[in-house]
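Below are the chains, spelled out letter by letter.
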Amino acid sequence: MKRLKHKLYPVFIIVLLLGVAGLGLGLFEFKVWIEPQSSDTASLPSVIKSPEVPEMETAQPFSPTLSPLSSPLPPAEASPSPPLDPVALAAQKGGLRVSNSTEHPVRVALLERQTGSKAYAKPAHWDFSPMEGGSQGLILSLPQDDLILAKGDIIVAFAQDGSRLYWGPYVIGETPVPRWNQKTGEWELVLQPY
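Residues numbered from 1 in each chain as written. Predicted model: local features only at pLDDT ≥ 70, side-chain atom pairs only at ≥ 80, totals over all residues. Heavy atoms only, no water.

## Concerning the overall build of the protein
Secondary structure summary: the protein contains 3 helices and 8 strands in total. Taken from the N to the C terminus, the helices and strands of the protein come in the order α-α-α-β-β-β-β-β-β-β-β. For the protein, the proportion of its 194 residues judged to be buried stands at 25%. Considering only contacts in the protein between residues 6 or more positions apart, those separated by 24 or more positions represent 67%. Here the protein displays about 14,300 Å² of accessible surface, and carbon together with sulfur accounts for 61% of that area. (Helix = DSSP H or I, 4+ residues; strand = E, 2+ residues; numbered from the N terminus. Buried < 20%, exposed > 50% of the residue type's maximum accessible area, 1.4 Å probe, protein only. Contact = heavy atoms within 4.5 Å. Areas by Shrake-Rupley, 256 points an atom, 1.4 Å probe, with all protein chains shown as cover.)

## With respect to the pairing of strand β8 (residues 186–191)
Summarising burial for β8: 5 of the 6 residues are buried, a large majority. In terms of strand pairing, strand β1 (residues 95–100) meets β8 through 6 bridges, oriented parallel. Bridge pairing links L96 to W187 in β8. (Pairing = 2+ DSSP bridges.)

## Side note on the nonpolar core
Counting 24 residues, the largest nonpolar core has L96, V108, W126, L147, L149, I155 and L189 as the members making the most contacts within it. Counting residues per element, the ones that place at least two in this core are β1, β2 (106–111), β3 (124–128), β5 (154–159), β6 (166–171) and β8. (Core = buried A, V, L, I, M, F, W, Y, C linked by side-chain atoms within 4.5 Å.)

## Description of the environment of P178
Checked against the element boundaries, P178 lands in the loop between β6 and β7 (179–181). Contacts of P178, omitting those with residues within four sequence positions, involve L96, I155, Y170, I172, W187, E188 and L189.

## Examining the packing of aromatic side chains
One pass over the structure, following the stated rule, counts 1 aromatic pair. Judged by centre distance (5.0 Å) and plane angle (65 degrees), the rings of W180 and W187 are edge-to-face. Of the two residues, W180 and W187, both sit in the buried class. (Phe/Tyr/Trp six-rings, centres within 6.5 Å; stacked < 30°, edge-to-face > 60°.)

## Overview of the sheet that holds β8
Reading across the sheet, the 4 strands line up as β4-β1-β8-β7 and stay open at both edges, with mixed pairing between neighbours. In this open sheet, the two edge strands, each paired with only one partner strand, are β4 (138–139) and β7.

## Considering the sheet that holds β2
Spatial strand order, β3-β2-β5-β6: 4 strands in an open sheet with antiparallel pairing. Both outer strands of the open sheet, β3 and β6, are each paired with one neighbouring strand and no more. Across this sheet, the average inter-strand angle for adjacent strands is 15 degrees, counted without regard to direction. Bridge count for β2 against β3 is 5 bridges, and the pairing is antiparallel. (Axes fitted to C-alpha atoms, helices over the stretch in contact; angles between N-to-C directions.)

## Comments concerning the side chain of E186
With respect to the element layout, E186 can be found in strand β8. Judged by relative accessible area, E186 falls into the buried class, the value being 12%. Within the structure, the side chain of E186 is placed 2.8 Å from the side chain of R97, a separation counted as a polar contact. When residues no more than four places from it in sequence are discounted, the contact partners of E186 are G95, R97, I139, R179, W180 and N181. (Polar contact = N/O pair within 3.5 Å; in protein donor to acceptor, adjacent residues only side chain to side chain.)

## What to know about the pattern of salt bridges
Oppositely charged side chains can form a pair if their charged atoms are brought close together. The final tally for this structure, using the stated rule, is 2 salt bridges. Of the charged contacts in the structure, one is a salt bridge between R97 and E186, with a shortest N-O distance of 2.8 Å. Within this pair, whereas R97 is found in strand β1, its partner E186 is found in strand β8, the two being separated by 89 residues in sequence. Relative accessible area serves as the criterion here: at 24%, R97 is assigned to the partly exposed category. Taking the shortest distance from any N to any O, the salt bridge between R107 and D127 comes out at 2.6 Å. (Salt bridge = Lys/Arg side-chain N within 4 Å of Asp/Glu carboxyl O.)

## Some remarks on the confidence of the model for the protein
Counting all residues, the mean pLDDT for the protein is 74, and 62% of those residues have values of 70 or more. Low confidence marks residues 41–81, where pLDDT is under 50. Its contacts with residues over four positions away, or in another chain, come to 43 contacts. (pLDDT = per-residue confidence, 0-100.)

## Comments concerning a nonpolar patch on the surface
A cluster of nonpolar side chains, contributed by F12, I13, L16, L17 and V20, occupies part of the molecular surface with about 530 Å² of accessible area. Looking at the secondary structure, you find V20 in helix α1 (residues 2–26). (Patch = residues over 30% accessible without salt bridge, like charges linked within 9 Å, V, L, I, M, F, W, Y side chains within 5 Å.)

If you want it as structure tokens, here you go:
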């Protein structure tokens, strides 16, 4: 009987150590993402360098090829004219039409560059309910004047429901979003769900 106890002690200690190690590993959270590789992304380099932007927490990583704001225009609104070159695009001035096609309440904020300087005017913001603006979008305005966006103005949008989702920052005339609609003479911003 005494020999049996001496043989069981090492087994008991090993089982106890494995149990403690299992509990310790159970405290760690492991996540694995598997994304199918499409033919579009197969030709992209594995590392894409982007300009220095202050880090912000996001729910999804930003992909330079697929912006959460970029969405194709509906076929009825698609214009057959070729896209404007960056220099011509930067010279465009016009209003801003926004459509929130997400299920989140969203705030769109604007930092408007003051004419003739590198300083910015007082920020302005607009709140959108989920799905507000529909396919047509809503034209934004300021309390004291019409809103006319020009090169260098900065737009950012973020969800107000605690989901930590954000879109942007986007610089008018320097980033592909918002898009310039040559037919209406407006900048168009469509907030897409992630």
